[in-house]
Amino acid sequence: MKKLGILGSTGSVGSQTLDIVRVNREDFELIGLLAKRASDKLLLQAKEFKPKYISCYEDPPKDWLDSLPDGTKFLKGEEGLYAIVEESDMLMNSISGTDGIFPTYLVLEKNKRLLASNKESLICLGRLVKEKRELIVPVDSEHNALFQLLSMVKSQEVKKVYLTASGGPFRNKSLEELKNVSVEEALNHPTWRMGAKITVDSATLMNKGMELLEAINLFDLPVESLDVLIHPQSVVHGIVELIDGSFLFHASQTDMKIPILYSLYYPERRPYPFEKKSLFDLSPIHFEKVDTEKFKSIPLCKWVALMGDVYPIVLVGADQVAVELFLEGKIGFLDIVNLVEEVLSSVNFKEPENIEGILNAIQWAYEKGKELAGVKG
């Protein structure tokens, strides 16, 4: 029986992880569920799954605590995080944004298997990720696909590795049209249903740029061997081009439960217990080049990859504040990547040596972004 902890249990990936646990209860001992808030959803999860620990970063009301099932103990914040990590064999980290960085650090430092669904930590903890690769199973569909494909071939046989992008809601808009894009339009993703931050990152293609940085750390790939393709159908999640002219595709329906299932049982492969689509449902498939004049985030992230040092860390903090300012209506859509570029151009310090320094560098980038955008407080 696998001792599992889920960090970010009330989010999309955390909830879908529990969907799989629900139909395979005999395979998992649920050590703990952690979320940001003492929400009704977290309480319902506690009542249904009865984990050993339930944890969040706020003090729940008394009636919430009184409603917990027998045998489930509430631990607040980091106390809960430490307990869940310590007693689990593997941890699903599906916490969104920079809040997921320290949990990833803790899981890897404790030498536990990390089911990684937090891109910021895979970028910012580059050195640690490279040292502990054997402990990491990527969960996000693109890196999960490449994880599987690259295990089938020798590194010297690989010519190119492609990440696929749906193109977001603005694939067919001109650069001129993007100047007046609204928040509502940016949040209307054509394929996936995700949180606001990652949906905006999908619209700017910054998420794909960041995924290039993740792939470098996860798979020890040079930036020259990586590229992004527009694939509107979102059924091919990763492509490996081999030196003999062959292409290996990983394709599946657009359902996060497929890579989650793979990561939970790795290295075994288990039957998918939910509704499946046929090969015909996934057709047709086509690819397009990325318009890098319109989507500057891709060349920007390649530059960040070549620069290395503290730049990937600063990118994460700068993008976080830029997206927040856009969602608040304080900057325009095209200003997001421009502001990130400005923050990167302001860097005057080296890569930090420890987790505290990494988190401080992200905060510096966040505050610098507000300063450059003329936002106070």
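To start, this report covers the structure provided alongside it. (Residues numbered from 1 in each chain as written. Predicted model: local features only at pLDDT ≥ 70, side-chain atom pairs only at ≥ 80, totals over all residues. Heavy atoms only, no water.)

### Thoughts on the overall build of the protein
Secondary structure assignment for the protein yields 17 helices and 11 strands. Here the protein has a C-alpha radius of gyration of 20 Å; the compact-globule value for 377 residues is 21 Å, and the two agree. On the principal axes, the C-alpha backbone points of the protein span a range of 60 × 55 × 40 Å. Burial analysis of the protein (377 residues in total) assigns 57% to the buried set. At a minimum sequence separation of 6, the contacts of the protein that also span at least 24 residues come to 65%. Summed over all atoms, the accessible surface of the protein reaches about 16900 Å², with 49% contributed by carbon and sulfur. Between the mean site of the 44 positive side-chain charges and the mean site of the 55 negative ones, the protein shows a separation of 2 Å. (Helix = DSSP H or I, 4+ residues; strand = E, 2+ residues; numbered from the N terminus. Rg over C-alpha atoms; globule rule 2.2 N^0.38 Å. Buried < 20%, exposed > 50% of the residue type's maximum accessible area, 1.4 Å probe, protein only. Contact = heavy atoms within 4.5 Å. Areas by Shrake-Rupley, 256 points an atom, 1.4 Å probe, with all protein chains shown as cover. Lys, Arg positive; Asp, Glu negative; His and termini not counted. Charge placed at Lys NZ, Arg CZ, Asp CG, Glu CD.)

### Describing the packing of aromatic side chains
Applying the stated criterion across every chain yields a total of 13 aromatic pairs. Both rings, one in Phe349 and one in Trp364, keep their centres 5.0 Å apart while their planes meet at 80°; by these two values the pair is edge-to-face. Remark: Trp364 occurs in helix H17 (residues 355–372) and Phe349 occurs in the loop between helix H16 (335–345) and H17; sequence separation between them is 15 residues. The ring of Phe274 carries Lys257 above its face, with NZ or CZ at 5.1 Å from the centroid. (Phe/Tyr/Trp six-rings, centres within 6.5 Å; stacked < 30°, edge-to-face > 60°. Lys NZ or Arg CZ within 6 Å of the ring centre and 35° of its normal.)

### What about the packing of helix H4 (residues 77–87) against helix H5 (residues 101–109)?
Between H4 and H5, the least distance of the axes is 10 Å, while the angle of their chain directions is 35°. Considering how the two elements wind past one another, H4 and H5 form a crossing that is right-handed. In this structure, H4 uses Glu78, Leu81, Tyr82 and Val85 to contact H5, whose residues at the interface are Phe102, Pro103, Leu106 and Val107. For the contact of H4 with H5, the per-class residue count stands at seven nonpolar, no polar and one charged. (Axes fitted to C-alpha atoms, helices over the stretch in contact; angles between N-to-C directions. Left-handed = near helix turned anticlockwise from the far one by under 90°. Nonpolar A, V, L, I, M, F, W, Y, C, P; charged D, E, K, R; others polar.)

### Topic: the environment of Lys2
Within the element layout of this structure, Lys2 appears in strand E1 (residues 2–7). Exposure remark for Lys2: the relative accessible area of 22% places this residue in the partly exposed category. In this structure, the C-alpha to C-alpha distance between Lys2 and Ile101, residues 99 residues apart in sequence, is 24 Å. When residues no more than four places from it in sequence are discounted, the contact partners of Lys2 are Asp27, Phe28, Glu29, Asp89, Met90, Leu264 and Tyr265.

### Regarding the environment of Cys301
Structurally, Cys301 can be placed in helix H14 (residues 297–307). By relative accessible area, Cys301 is classed as buried at 1%. A C-alpha to C-alpha distance of 24 Å links Cys301 and Leu115, two positions 186 residues apart in sequence.

### Looking at the pairing of strand E11 (residues 247–251)
Two elements, strand E10 (residues 236–242) and E11, share five bridges in a ladder whose sense is antiparallel. Among the inter-strand pairings, Val236 is bridged to a residue of E11, identified as Ala251. Connecting E10 to the antiparallel partner E11 that follows it, the hairpin turn spans four residues, and Gly245 within it adopts a positive phi of roughly 95°. (Pairing = 2+ DSSP bridges.)

### A few points about H17
If you check H17, its first and last C-alpha atoms are 26 Å apart, about what 18 residues at 1.5 Å a residue would give, namely 26 Å. Among the residues making up H17, those that are buried are Ile355, Gly357, Ile358, Ala361, Ile362, Ala365, Tyr366, Lys368, Gly369 and Lys370. Packing partners of the buried residues in H17 comprise H5, helix H6 (119–124), helix H15 (311–327) and H16. The N-cap of H17, judged by a side-chain oxygen 3.3 Å from the amide nitrogen of Glu356 a few residues on, is Asn354. At the exit of H17 stands Gly374, carrying a positive phi of roughly 75°. (Expected span 1.5 Å × (residues − 1). Polar contact = N/O pair within 3.5 Å; in protein donor to acceptor, adjacent residues only side chain to side chain.)

### Some details on the nonpolar core
Counting 124 residues, the largest nonpolar core has Leu264, Leu315 and Phe333 as its most contacted members. Sort the elements by how many residues they give to this core and H15 lands first, with 11 residues. In contact with Leu315, other than residues within four places in its own chain, are Met206, Met210, Leu213, Cys301, Val304, Val340 and Leu344. Counting six residues, the second-largest nonpolar core is a separate cluster that includes Tyr162, Val235, Val236 and Leu282. (Core = buried A, V, L, I, M, F, W, Y, C linked by side-chain atoms within 4.5 Å.)

### Thoughts on the sheet that holds strand E6 (residues 113–116)
The parallel open sheet is built from seven strands, whose spatial order is E4-E3-E2-E1-E5-E6-E7. With partners counted over all chains shown, the strands left at the sheet margins are strand E4 (73–76) and strand E7 (136–138), one partner each. In this sheet, adjacent strand axes meet at a mean angle of 20° when their direction is disregarded.

### Overview of the pairing of E1
Across six bridges, the pairing between E1 and strand E2 (residues 28–34) is parallel. Within E2, the position partnered with Lys2 by the bridge is Phe28. Where E1 lies against strand E5 (residues 90–93), four bridges are found, and the strand directions are parallel. When the bridges of E5 are listed, Leu4 appears paired with Met90.

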